[in-house]
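The residues making up each chain are set out below.
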Amino acid sequence: MSTLIRYNNVDIYQKEQRVLKDVKLEIGESEFWYLTGKVGSGKSSLMKTMYAELPIERGEGNVFEYNLNDIRESDIPYLRRKIGIIFQDFQLLTDRSVKDNLLFVLKATDWRGTEIMEKRIDEVLNEVGMQNKGYKMPHELSGGEQQRIVIARALLNKPKLILADEPTGNLDPETGRGLMELLHRICKEEGTTIIMATHNLGLLQEFPGNEMHIDNGILTYTKPNAKETESTEETIDA
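Each value, and the rule that gives it
Residues numbered from 1 in each chain as written. Predicted model: local features only at pLDDT ≥ 70, side-chain atom pairs only at ≥ 80, totals over all residues. Heavy atoms only, no water. Helix = DSSP H or I, 4+ residues; strand = E, 2+ residues; numbered from the N terminus. Buried < 20%, exposed > 50% of the residue type's maximum accessible area, 1.4 Å probe, protein only. Pairing = 2+ DSSP bridges. Contact = heavy atoms within 4.5 Å. Axes fitted to C-alpha atoms, helices over the stretch in contact; angles between N-to-C directions. Right-handed = clockwise from strand over helix to strand, strands pointing away. Polar contact = N/O pair within 3.5 Å; in protein donor to acceptor, adjacent residues only side chain to side chain. Phe/Tyr/Trp six-rings, centres within 6.5 Å; stacked < 30°, edge-to-face > 60°.

All right, on to unusual backbone geometry then. In this structure, Ser30 takes a positive phi of about 60 degrees despite not being glycine. Tracing the chain through its elements places Ser30 in the loop between strand 2 (17-28) and strand 3 (32-37). Residue classification places Ser30 among the partly exposed positions, given a relative accessible area of 37%. For Gln91, which is not a glycine, the phi torsion comes out positive at approximately 55 degrees.

Here's what the structure looks like:
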């Protein structure tokens, strides 16, 4: 099984503030990962480095075949096409229908041909159980339905990696549970690696997966089926 993400002794900064130190991490195909830690611990910052929104200041980071240390500006769009992103606050375009939201993404990522694009939209809506909602406007959907559309949007380019930032944070427990079942099914059936930031530790018990945890600028990670836990042992300077 090939490695999608490899970080070795990586430091991550927000502006001039170091938020993560000496990150060591290796993530392969078809894996489900939880990313936990307090608010402001660096979860979103770590994910942003994976799609080159934040630079890596020290160490070595690789996502797919791209070296994040010296990735060219012109290569960043190609990296991002391999990654689906799920936001907690949905970020749907409110002035157009579900179908047109998805069509906007396909056109922005260089899809061509009306029939081909409509076929792909039908496929992803069907995959998330929203096949009859394409004509709806975002405000006509419940929070859970909007989040399913966001997942459909993330699936459009058939990514091998999905980054989900607190996707159940604004949902009630029952709706959140249904969303988790969907994400785990996508991971298992599509072979898509998913990294999900969450504060809800109960999800780890109900829907087991690998865990990364950030505390005091240090990331540790555990694979339940592995023989040992990988971690960085230094603590960040106060």
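Judged by pairing direction, the sheet is antiparallel, and its four strands sit side by side in the order 2-1-4-5 without closing on themselves. In the strand order of this sheet, the two ends are held by strand 2 and strand 5 (66-67), each with one partner. Inspection of the sheet shows strand 4 (residues 58-63) paired to strand 5 by two bridges, in the antiparallel sense. Directly across from Val63, in strand 5, lies its bridge partner Tyr66. Sheet strands in contact with helix 1 (residues 43-50) are strand 1 (3-14), strand 2 and strand 4, and its direction is about 125 degrees off that of strand 1.

Turning to the pairing of strand 7 (residues 161-165), a few remarks are in order. With four of five residues buried, strand 7 is to be regarded as a mostly interior element. Where strand 6 (residues 83-86) meets strand 7, four bridges bridge the pair, whose relative direction is parallel. Looking at the pairing, Gly84 lines up with Ile162 of strand 7. Where strand 7 meets strand 8 (residues 193-197), five bridges bridge the pair, whose relative direction is parallel. Bridging from a neighbouring strand, Leu161 pairs with Thr193 of strand 8. Where the polypeptide runs from strand 7 across helix 6 (residues 173-190) and back to strand 8, its parallel neighbour, the crossover connection is right-handed.

This part covers the environment of Arg120. With respect to the element layout, Arg120 can be found in helix 4 (residues 114-127). Owing to a relative accessible area of 8%, Arg120 belongs among the buried residues under this scheme. A sequence separation of 23 residues divides Arg120 from Gly143, and the C-alpha atoms of the two residues are 23 Å apart. Setting aside residues up to four positions removed in sequence, Arg120 forms contacts with Leu106, Trp111, Leu155, Leu156 and Lys158. Here Leu155 takes part through its backbone oxygen, which lies 2.7 Å from a polar atom of the side chain of Arg120.

In this section: the packing of aromatic side chains. Any aromatic ring pair is given by two values, namely how distant the centres are and how the planes are angled relative to each other. One pass over the full model with this rule turns up two aromatic pairs. Ring centres of Phe32 and Tyr34 lie 5.2 Å apart, and the angle between their planes is 55 degrees; on these two criteria the pair is classed as tilted. For the pair formed by Phe32 and Tyr34, the shared burial category is buried. With 5.6 Å between their ring centres and 65 degrees between their planes, Trp33 and Tyr221 make a pair best called edge-to-face. In this pair, Trp33 sits in strand 3 while Tyr221 sits in strand 10 (residues 218-222), placing the two residues 188 residues apart along the sequence.

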